[in-house]
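Now for the letters of each chain:
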Amino acid sequence: MDTDLRIQRVPITHPDAQLLVEAVQEEYVARYGGRDESPITPSDFDDPQGQFFVGYVDGVPVTTGAWRRSTVVALGVDVTAEIKRMYVVPAQQRRGIARRMLAHLESTAAAAGVEGLVLETGLEQPEAIALYTSSGYEPVPGFGYYCGSDLSRTFGCRLHPVVE
């Protein structure tokens, strides 16, 4: 479905970002019984460490996505970044918005010199797992805050270098 999506880079402290981060935390409570406790600081998403984005439809914030530099080595690359805070509000799901945000994260990370993306998600998010695997992400060894959890799943993909 063709949705008029405008993606804008904002600090994670921006009110629209905070609104959606809180919404995804509520989703984690519903699915897992608690909030995501993996450590994040606002500076994780400042250049050159990372970038945070909010997507808008008709001026309304509907999606977030971010990446931050990582020390994870995966799929033969060691210049990686971790995808964080991918979320689409329920009213806008199944419209291709998540796939467009993911593509935006991939292109902005590649433009910043990142060679591969990694991410951690959970079994209670089958739609996220389906998005990532259908977008070419493959399982990678566990990492991160939930490493070793039976519910955690980790994925990665190599990025194509940006040619100027």
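In what follows, the structure referred to is the one given above.
Residue positions within a chain follow its written sequence, with the count starting from 1. Residue-level local features of this predicted model are given only where pLDDT is at least 70; pairs of side-chain atoms are given and counted only at 80 or more, and the full residue set underlies all totals for whole chains, interfaces and linings. Working from all heavy atoms in the structure, the side-chain values ignore hydrogens and water.

For the rest of this paragraph, the subject is the packing of aromatic side chains. Between 30 and 60 degrees the pair is tilted, below 30 it is stacked and above 60 it is edge-to-face, where a pair is any two Phe, Tyr or Trp rings, Trp via its six-membered ring, whose centres lie within 6.5 Å. Under the criterion given, the structure shown has 4 aromatic pairs. With a centroid separation of 4.9 Å and 80 degrees between ring planes, the pair formed by Y145 and Y146 is classed as edge-to-face. Relative accessibility thresholds used throughout: buried, under 20% of the residue-type maximum; exposed, over 50%; partly exposed, between the two (1.4 Å probe, protein chains only). With a relative accessible area of 44%, Y145 lands in the partly exposed category.

Before going further, it helps to examine the environment of T64. Helical segments are the DSSP runs of H or I of at least four residues, strand segments are the runs of E of at least two, and each set is numbered from the N terminus. Within the secondary structure, T64 is located in strand β3 (residues 60-70). C-alpha of T64 to C-alpha of L102: the two residues are 38 residues apart in sequence and 9.7 Å apart in space. Contacts were defined at the residue level, with two residues in contact if any of their heavy atoms lie within 4.5 Å. T64 has contacts with L20, F52, F53, V54, R85, M86, Y87 and M101, leaving out every residue within four places of it along the chain. Polar contacts here mean pairs of N or O atoms no more than 3.5 Å apart (in protein, one a potential hydrogen donor and the other a potential acceptor; neighbouring residues in sequence count only if both atoms are side-chain atoms). Of note is the side chain of T64, whose polar atom sits 2.6 Å from the backbone oxygen of R85.

Here the focus is helix α3 (residues 126-134). Those residues of α3 that sit buried are A128, I129, L131 and Y132. With its buried residues spanning 160 degrees around the axis, α3 presents them on a single face. Among the structural elements, β4 (80-88), α2 (97-111), β5 (116-122) and β7 (152-158) are those in contact with the buried residues of α3. Of the residues flanking the end of α3, it is G136, one or two places downstream, whose phi is positive at about 95 degrees. By construction, the arc corresponds to the directions joining the helix axis to the C-beta atoms.

Turning next to the nonpolar core. Nonpolar cores are built from buried Ala, Val, Leu, Ile, Met, Phe, Trp, Tyr and Cys residues. Side-chain atoms within 4.5 Å join them into one set. Of all hydrophobic cores here, the largest spans 21 residues; its most connected members are I83, M86, L117, Y132 and Y137. Breaking this core down by element, the ones donating at least two residues are β4, α2, β5, α3 and β7. Here this core takes 5 residues from α2, the largest share from any one element. Beyond its immediate chain neighbours, meaning those up to four positions away, Y132 contacts I83, M86, L102, L119 and Y137. The next biggest cluster of nonpolar side chains, apart from the first, holds 19 residues, and it includes A17, L20, V21 and F52.

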